[in-house]
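# Architecture at a glance
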Amino acid sequence: MTSPDLAALRPRLPSPVEEITDGRFGRHGVRLLLKRDDLIHPDLIGNKWRKLAPNLAAAAGRTVVTFGGAYSNHLRATAAAGRLLGLPTVGVVRGQELSDRPLNPSLARCAADGMRLRFVDRSTYRRKSEPETLASILRAVDTADAYVVPEGGSNSLAVRGCRALGDELRARADVDVVALACGTGGTLAGLAAGLAPDQRVLGIPVLKGGFLNADIRALQERAFGGRRGDWSLDDRFHFGGYARVPAELDTFAEDFEDRHGLPVECLYVAKLLYGLVALVEEGAFPRGSTVAAVVTGRPFP
């Protein structure tokens, strides 16, 4: 088997950096930059490109099996990659009860891109990383020799792939803080390893539970042999958990788009930007600071 030609997809790398003028930051003497990873590729958006590209190369033409919830951006990106590169893909979806319902728009896009969907009960899904459970899932989808990518795409290859994001921002000597929304933590784990010693990373988890510190440390240990970079998390802005978008957050996203002409993806990016507005009001960034917010996705559909 041969590795797919990822260069043929013509990713836009490095992704551009844009400065925006926002009085909520300006009156505190803080510059806000947007690292537009959402412009890397129209189908493999943002950190999905950085995480998937090394895994797709490693798959070397084998069927790619991966995991996600009913609204997973990662599943959609993997399905799109399969369509573009001619790779068979299987998505293992959390929630057996969904198998008897019409597909939501996110899963319908996956299916339209050729991904086979396998719904499993939530108890099995929680045990998916256990060898016996994983082997059973692979047998059920008839892909015993598949290349397996974990939920969210966060493994050692993905973490090392995301180091390039840090390398790109390391070249910006004016950047003091890089901020991003976090799901499984793989992007932050790699990003932090690529930054300069005087730059730090602030992660905004979009899931509640407070487990991400340990997960990121484990990812860095597997990818680099130990903790890398200066990073921290602020757990206050998950708005109740993944895929929870209350009216307050939706209003904030619409207002940000009106101010700056940037459509704001609500599951990740809106929570990041909302958190940064709250933090700058709290005085979390000294006057004269420059914060670069990583835009990891755009609204779907």
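In case you missed it, the structure is sitting above this.
No experiment lies behind these values; they were computed from the predicted model shown.

### Details of helix H7 (residues 156-170)
For H7, spanning 15 residues, the distance from its first C-alpha to its last is 21 Å, which sits close to the expected 21 Å at 1.5 Å a residue. Every buried residue of H7 is listed here: Ser156, Ala158, Val159, Cys162, Leu165, Gly166, Glu168 and Leu169.

### Describing the pattern of salt bridges
Counted under the stated rule, the structure contains 20 salt bridges. For the salt bridge of Glu151 with Arg94, the shortest nitrogen-to-oxygen distance reads 3.4 Å. Residue Glu151 is found in the loop between strand E6 (147-148) and H7, and its partner Arg94 is found in strand E4 (residues 89-94); the two are separated by 57 residues along the sequence. One connected set of salt bridges, linked through shared partners, spans Glu19, Arg31, Arg172 and Asp174.

### Quick notes on a negative patch on the surface
A surface patch of like charges, here negative, comprises Asp250, Glu254, Glu257 and Asp258. Note on placement: Glu257 falls in helix H10 (residues 247-260).

### Considering the environment of Pro246
Along the chain, the position of Pro246 falls in the loop between strand E9 (230-233) and H10. Note: C-alpha distance between Pro246 and Val141 (105 residues apart in sequence) is 36 Å.

### As for the packing of H7 against helix H8 (residues 186-194)
The contact between H7 and H8 brings their axes to 6 Å, and the two run at 45°. Comparing the axis directions of H7 and H8 gives the class oblique. Viewed along their axes, H7 and H8 form a crossing whose handedness is right-handed. Residues Val159, Cys162, Arg163, Leu165, Gly166, Asp167, Leu169 and Arg170 of H7 form the contact with H8, whose own contacting residues are Gly186, Thr187, Ala189, Gly190, Leu191, Ala193 and Gly194. Grouping the constituent residues of the contact of H7 with H8 by class yields seven nonpolar, five polar and three charged.

What counts, and at which threshold
Residues numbered from 1 in each chain as written. Predicted model: local features only at pLDDT ≥ 70, side-chain atom pairs only at ≥ 80, totals over all residues. Heavy atoms only, no water. Helix = DSSP H or I, 4+ residues; strand = E, 2+ residues; numbered from the N terminus. Expected span 1.5 Å × (residues − 1). Buried < 20%, exposed > 50% of the residue type's maximum accessible area, 1.4 Å probe, protein only. Salt bridge = Lys/Arg side-chain N within 4 Å of Asp/Glu carboxyl O. Patch = residues over 30% accessible without salt bridge, like charges linked within 9 Å, V, L, I, M, F, W, Y side chains within 5 Å. Areas by Shrake-Rupley, 256 points an atom, 1.4 Å probe, with all protein chains shown as cover. Lys, Arg positive; Asp, Glu negative; His and termini not counted. Charge placed at Lys NZ, Arg CZ, Asp CG, Glu CD. Axes fitted to C-alpha atoms, helices over the stretch in contact; angles between N-to-C directions. Parallel < 35°, antiparallel > 145°, perpendicular 65-115°, else oblique. Left-handed = near helix turned anticlockwise from the far one by under 90°. Contact = heavy atoms within 4.5 Å. Nonpolar A, V, L, I, M, F, W, Y, C, P; charged D, E, K, R; others polar.

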